[in-house]
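# Chains, contacts and geometry: an overview
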Amino acid sequence: MSYETILVEQKGAVTLITLNRPKALNALNSQVLSELIDAFARFEADASQLCAVITGSGDKAFAAGADIKEMSDKPSAEFYSDDFFAGWTGQIVKTTRKPWIAAVNGFALGGGCELAMMADFIIASENAKFGQPEIKLGVAPGMGGSQRLTRAVGKSKAMDMCLTGRMMDAAEAERSGLVSQVVPADQLLDVAMKSAQTIASMPPLAAMMNKEMVNIAFETTLDTGLVMERRMFQVLTATEDKAEGMAAFVEKRPGVWKGR
Ligand code: CAA
């Protein structure tokens, strides 16, 4: 599949995906979704690729939301019959077991904020702005904003953002735990790629299981989560990479991973 709305590059073991509709502030239309579904499926299937970074082209936006022009004339019944937006969580988040990072440069609004929150973590540039302004359009978040934002920043801030539609700047996003770090705009991609390369240098099964474990914390009770964590830890002790990792530590040398 050739892409028109995204760019995909492999940089060593890291896949860099760039939303590429800068004139529309990288608004997320159906074509972006289908291209991203394909790109994430290829990333997941390619054994040479161990971590991904998603960012936006241009210096203004990560993504300014779902494409309002595409939605403005769409009949309501079709939103339901198409299960509009279902592919974001269903075919991107649920099927991507390898880690991926959102590098947010500029506006991450509506679906843009929601896409960033689908990533395993967010690194933001100093000029990043996050928001769920759907209320101003007479709607509400539809790609997970009301759920993921609430889990990320708590009820008060999530309510504030969804009900007033106000934007949160990068400093507030970092204080609130929405993003893992804030960096100068001209260093954003470099920092995100280095972070992805660090993850890609880890034992791959351990990386996937660490991701799965943290995600389980959002889905289950503490008791069940703690049991699942122990079981995953125990499963990892059976891998060749565990034997290598512990031997490498004792022998004071870097580990060499097999992914099994
Ligand atoms: N959809 C479609 N096009 C968009 C867009 C969007 N979400 N956001 C920006 N654009 C387009 C603009 O229409 C404009 O195109 P034209 O040059 O053809 O007119 C271009 O991008 C540049 O935008 P602006 O001229 O508006 O740029 P600005 O600097 O003045 O303002 C902004 C920037 C504050 C981000 C403003 O563009 C804005 O408010 N955008 C909409 C944000 C929004 O409401 N997002 C939520 C969408 S709904 C949603 O996402 C639902 C969901 O839960 C999934």
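Below you will find a few notes about this structure. (Residues numbered from 1 in each chain as written. Predicted model: local features only at pLDDT ≥ 70, side-chain atom pairs only at ≥ 80, totals over all residues. Heavy atoms only, no water.)

## Re the overall build of the chain
To keep it simple, the criterion reads: For helices the rule is a DSSP run of H or I covering at least 4 residues; for strands it is a run of E covering at least 2, with both sets numbered from the N terminus onward. Atoms counted for the radius of gyration: C-alpha only. Globule rule: 2.2 Å times the number of residues to the power 0.38. Accessible area is worked out with a 1.4 Å probe on protein chains only. A residue is then buried under 20% of its type maximum, exposed over 50%, and partly exposed in between. Throughout, a contact is declared for two residues whenever any of their heavy atoms are within 4.5 Å. In this tally Asp and Glu are treated as negative and Lys and Arg as positive; neither His nor the chain ends contributes. Think of each charge as sitting on NZ of Lys, CZ of Arg, CG of Asp or CD of Glu.
When helices and strands are counted, the chain shows 12 helices and 10 strands. Over its C-alpha atoms the chain spans a radius of gyration of 19 Å, differing by no more than 12% from the 18 Å that the globule rule assigns to 260 residues. Expressed along its principal axes, the backbone C-alpha trace of the chain runs to roughly 60 × 40 × 40 Å. For the chain, the proportion of its 260 residues judged to be buried stands at 42%. In the chain, 67% of the contacts between residues at least 6 apart in sequence involve partners at least 24 apart. Averaged over its 27 positive side-chain charges, the chain has a centre that lies 4 Å from the centre of its 31 negative ones.

## Focus: the sheet that holds strand S4 (residues 61-63)
Selection criterion: Strands qualify as paired when DSSP identifies two bridges or more between them. Only the contacting stretch of a helix is used when fitting its axis, a line to C-alpha atoms as for every element, and angles between N-to-C directions run 0 to 180 degrees.
In spatial order, the strands read S4-S6-S8-S9; together these 4 strands make up an open sheet with mixed pairing. Edge positions in the sheet fall to S4 and strand S9 (167-169), since each of these pairs with one other strand and no more. Across the sheet, the mean angle from the axis of one strand to that of its neighbour is 20 degrees, orientation sign disregarded. The pairing of S4 with strand S6 (residues 107-109) spans 2 bridges and is classified as parallel. Bridge pairing in S6 links Ala61 to Phe107. Across the sheet, helix H5 (residues 111-118) lies against S4, S6 and strand S8 (129-131), angled at about 95 degrees from S6, the strand it touches most.

## Brief notes about the site of the ligand
Heads up, the rule is: Neighbouring residues are identified by heavy atoms, a residue being near a molecule or strand if any of them is within 4 Å of it. Distance and chemistry together define a polar contact, namely a pair of N or O atoms within 3.5 Å, with one atom able to donate a hydrogen and the other to accept it when in protein, and with adjacent residues in sequence counting only for side-chain atoms on both sides. Throughout, the Shrake-Rupley method with a 1.4 Å probe supplies accessible areas, and for residues the shown protein chains are the sole cover considered.
In the vicinity of the ligand lie 24 residues, with Lys60, Ala66, Gly111, Glu134 and Gly142 positioned nearest. Lys23 has a polar backbone atom sitting 3.3 Å from an oxygen atom of the ligand. Measuring from a nitrogen atom of the ligand, one finds a backbone N or O atom of Ile68 at 2.9 Å. Taken by itself the ligand offers 980 Å² of open surface, and the protein chains cover 65% of this. Of all elements in the fold, only helix H2 (68-72), S6 and H5 reach the threshold of two or more residues within the shell around the ligand. Broken down by element, the shell around the ligand gets its largest block of residues, 3 residues, from H2.

## Quick word on the pairing of strand S3 (residues 51-56)
This is how the line gets drawn: Here, the term right-handed applies to a crossover whose path from the first strand over the helix to the second runs clockwise when the strands point away from the viewer.
Among the 6 residues of S3, 6 are classified as buried, and the element is accordingly described as predominantly covered. With 6 bridges connecting them, strand S2 (residues 14-19) and S3 associate as parallel partners. When the sheet's bridge partners are listed, Leu16 is paired in S3 with Val53. This β-α-β element, S2 to helix H1 (residues 30-45) to S3, shows right-handed connectivity.

## A short note on the side chain of Glu114
Threshold: Salt-bridge detection follows one rule: a side-chain nitrogen of Lys or Arg within 4 Å of a carboxyl oxygen of Asp or Glu.
In this fold, Glu114 is placed in helix H5. Buried charged residue Glu114 carries no salt bridge. Nearest counter-charge: Arg148, at 7.1 Å. Those residues within four positions of Glu114 in sequence are excluded, and the remaining contacts are Gln132, Glu134, Pro141, Gly142, Met143, Gly144 and Gly145.

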